[in-house]
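Observations on the model geometry
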Amino acid sequence: MMLTPHSVIAVIGSGTMGAGIAQVAAQAGHPVRIYDIQPGAAARAIDGIATALSARVTKGKLSETDKNATVNRLVAAQSVNELADAALVIEAAAEQIDIKQAIFRELATVCSPDTIFASNTSSISITAIASGVEHPQRVAGLHFFNPAPVMKLVEVVSGLETAPAVLESLTGLALRWGKQPVRCHSTPGFIVNRVARPFYAEAWRALEEHVAPAGVIDAALRDCGGFPMGPLALTDLIGQDVNFAVTCSVFNGFWQERRFLPSLIQQELVLGKRLGKKTGQGVYSWPLNESLPYMPLQPASAGAEHIQPHGRAAWLKNTDSSDGVTDSFLELDDVWVQVTQGETATQLAKRLQRPVVLLDLVNDWQRSPLVVLAQAAGNTAEQTGKAIRFFQQQGKQVLMINDYPGMLVWRTVAMLANEASDALQKGVASEQDIDTAMRLGVNYPHGPLAWGAELGWQHVLRLMENLQQHYGEERYRPTSLLRQRTLLETQHEH
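The following refers to the structure shown.

A closer look at the pattern of salt bridges
One pass over the structure, following the stated rule, counts 26 salt bridges. For the salt bridge of Glu202 with Arg475, the shortest nitrogen-to-oxygen distance reads 3.2 Å. Taken together, the residues Glu202 in helix H8 (residues 197-208) and Arg475 in the loop between helix H18 (457-471) and helix H19 (480-493) connect sequence positions 273 residues apart. Glu202 gets classed as buried once you look at its relative accessible area, which sits at 3%. Note that Arg222 and Asp223 form a salt bridge whose closest N and O atoms lie 3.2 Å from each other. Among the residues examined, Arg222 registers a relative accessible area of 32% and is labelled partly exposed. Linked through salt bridges whose partners overlap, the residues forming this network are Arg194, Glu257, Arg259, Glu419, Asp422, Lys426, Glu474 and Arg477.

In structure tokens:
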């Protein structure tokens, strides 16, 4: 089961992922055989790879010699029998378990018992795929991310029968191919597609509850949260049908656990064939041309100069004080301004008996062009205007959303940290691999576990508990590992 730099690699399926994986293998120096059930599809894939590499030559990123060498290593196989000498077969066929099992059953009659079989599945159980295959210990998951030649992350997935030597071989191979492998066990969604679910789910919920328009939700996560793209725009880019299918797969894979609940709005988009960029219409009309409802510049008022900031100016962390209210806050005359802790501005105003404006989490206060605010129901326009003007004086654009527990960024980050904690506690992957997967697989600004630690587990827990109390739903149940880490954190502080 040793894979050398010159081992023959076979790729089943010549679609976007199959062609991308074949290109990666050929560029690494392997002879590559591509097989597709559709006549001529493999040859077309090789032509497409050649075209893509020629573009890199034109840009000066690849030499003509290297391009020709890569293309010459690619062969379109006419039958499965031509894959007999492959040391590794990577399957990138349709996401249907019966198709994948049939492919590997046929390959088992052609290839050596030592040939490693790897599936590029993003959500199907590796144990289930291997169950119908002779020598199931050689079957593993090798999940690349699109586009495979560009994205560094590869999830190396073990089923119940997968041999440790197979995992070692695939991990070493991924490293030689210039990829960053992470190890995980075969559970629904593996690491990335599981832990990422709240990123989309919380945005859909905010849209369903009319908290803010789609563009505002996306701007908050992108500009305040530091994510490379807003979740709703990203689902349009991925394809609403594809994103919805993965959500449904994870939801059903976890016996319909409520925190993975699919969105009725997204289902409507799929039923209406509004699939996003590829159909020209999804959450947005494409090409994107969204203008945001920034707050107009607020005039100075007589009392607005009496500003008393307390705590850290950046407000990236909150610290408890004896009265249960964070010590990171601003008093703008009679108006109390602080970062959300998961209760609504109206709840806090009732408790404090004064006007309240809440601020959403900001990942990088210096670089963020934006702040997102929510006001208590009893505030006057003048009272809220004092907070708006303060942030405008700091050079920030201001977006207002409806009063919403946890707001947009903070509740999303808390849910990501909570989900990552659950995956860690259940042994899906190591802490380092979970964080690496989320940074490289979906380009999050921080790994969710490192982010939770930086923000303070006690603050993540408090926000989750406030959300759970507000909604009365299992969806916001804190994991036991989150509670344990909070206890350890508070012990260390004392």
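Observations concerning the side chain of Arg33
The topology assignment puts Arg33 in strand S2 (residues 32-35). A polar side-chain atom of Arg33 sits 2.6 Å from a polar atom in the side chain of Asp85. Residue contacts for Arg33: discarding those within four places in its chain leaves Val8, Ile9, Ala10, Val11, Val75, Glu82, Leu83 and Asp85.

Some details on the nonpolar core
The nonpolar side chains of soluble globular proteins are, as a tendency, buried together. Among the nonpolar cores identified, the biggest contains 115 residues, and Leu107, Phe117, Ile191, Phe391, Ile401 and Leu408 are the most heavily contacted of them. Looking at this core element by element, the count peaks at 10 residues for helix H15 (residues 409-425). In this structure, Leu408 is in contact with Ala206, Val211, Val216, Ile217, Ala220, Leu221, Asp360 and Ile401, ignoring residues within four places of it in sequence. Counting 39 residues, the second largest nonpolar core, distinct from the first, contains Ile46, Leu74, Ile90 and Ile116.

Rules behind the numbers
- Residues numbered from 1 in each chain as written.
- Predicted model: local features only at pLDDT ≥ 70, side-chain atom pairs only at ≥ 80, totals over all residues.
- Heavy atoms only, no water.
- Salt bridge = Lys/Arg side-chain N within 4 Å of Asp/Glu carboxyl O.
- Helix = DSSP H or I, 4+ residues; strand = E, 2+ residues; numbered from the N terminus.
- Buried < 20%, exposed > 50% of the residue type's maximum accessible area, 1.4 Å probe, protein only.
- Polar contact = N/O pair within 3.5 Å; in protein donor to acceptor, adjacent residues only side chain to side chain.
- Contact = heavy atoms within 4.5 Å.
- Core = buried A, V, L, I, M, F, W, Y, C linked by side-chain atoms within 4.5 Å.

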